[in-house]
Amino acid sequence: QVQLVESGGGLVQPGGSLRLSCAASIRTFSPLGWFRQAPGKEREFVAAINWNGVSTIYADSVKGRFTISRDNAKKTTYLQMNSLKPEDTAVYYCATNRGMDYGINRRQTEYAYWGQGTQVTVSS
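Residues numbered from 1 in each chain as written. Predicted model: local features only at pLDDT ≥ 70, side-chain atom pairs only at ≥ 80, totals over all residues. Heavy atoms only, no water.

1. Some words on the packing of aromatic side chains
Inspection of every chain in the model, using the stated rule, returns 5 aromatic pairs. The interplanar angle of 75° and the centroid separation of 5.7 Å between the aromatic rings of Phe 35 and Phe 45 together place this pair among those described as edge-to-face. Of the two residues, Phe 35 sits in strand E4 (residues 32-37) while Phe 45 sits in strand E5 (residues 44-49), which places them 10 residues apart along the sequence. Here Phe 35 matches Phe 45 in class, with each residue buried. Ring geometry for Phe 35 versus Tyr 111: centroids 5.5 Å apart, planes at 75°, classification edge-to-face. With a gap of 76 residues between them, Phe 35 in strand E4 and Tyr 111 in the loop between strand E9 (90-96) and strand E10 (113-114) connect regions that are remote in the sequence. When sorted by exposure, Phe 35 lands in the same class as Tyr 111, which is buried. Its guanidinium or amino end placed over the ring of Tyr 93, Arg 43 lies 5.4 Å from that ring's centre, counting from NZ or CZ. Just above the ring of Trp 114 sits the side chain of Arg 43; from NZ or CZ to the centre is 4.0 Å. (Phe/Tyr/Trp six-rings, centres within 6.5 Å; stacked < 30°, edge-to-face > 60°. Helix = DSSP H or I, 4+ residues; strand = E, 2+ residues; numbered from the N terminus. Buried < 20%, exposed > 50% of the residue type's maximum accessible area, 1.4 Å probe, protein only. Lys NZ or Arg CZ within 6 Å of the ring centre and 35° of its normal.)

In structure tokens form, the structure reads like this:
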């Protein structure tokens, strides 16, 4: 079992920045993903990073604005969000697996462990 706790969400004005953190209970050498769910919408992929941070993928809607990173020594992944837009408003979740037999993926069904989410609200 891997416990994940997101933090760093809050209220920010359009064009502002936030950095989300996701702390894991144990070190995992599996991919880490960020997903979000806006009110009335399905949960969607945001970004993912492979086990050693070499490979990253992003949803088209956040490319050039968001950056995912990880620090395996600290058991933490980060999502730096810049140039935030109102449409970025959502609950943001981090997710991972446990083990070495997983690849970077956009599909939420490929992730076994999820945090409880942190609210990001972009509004003036």
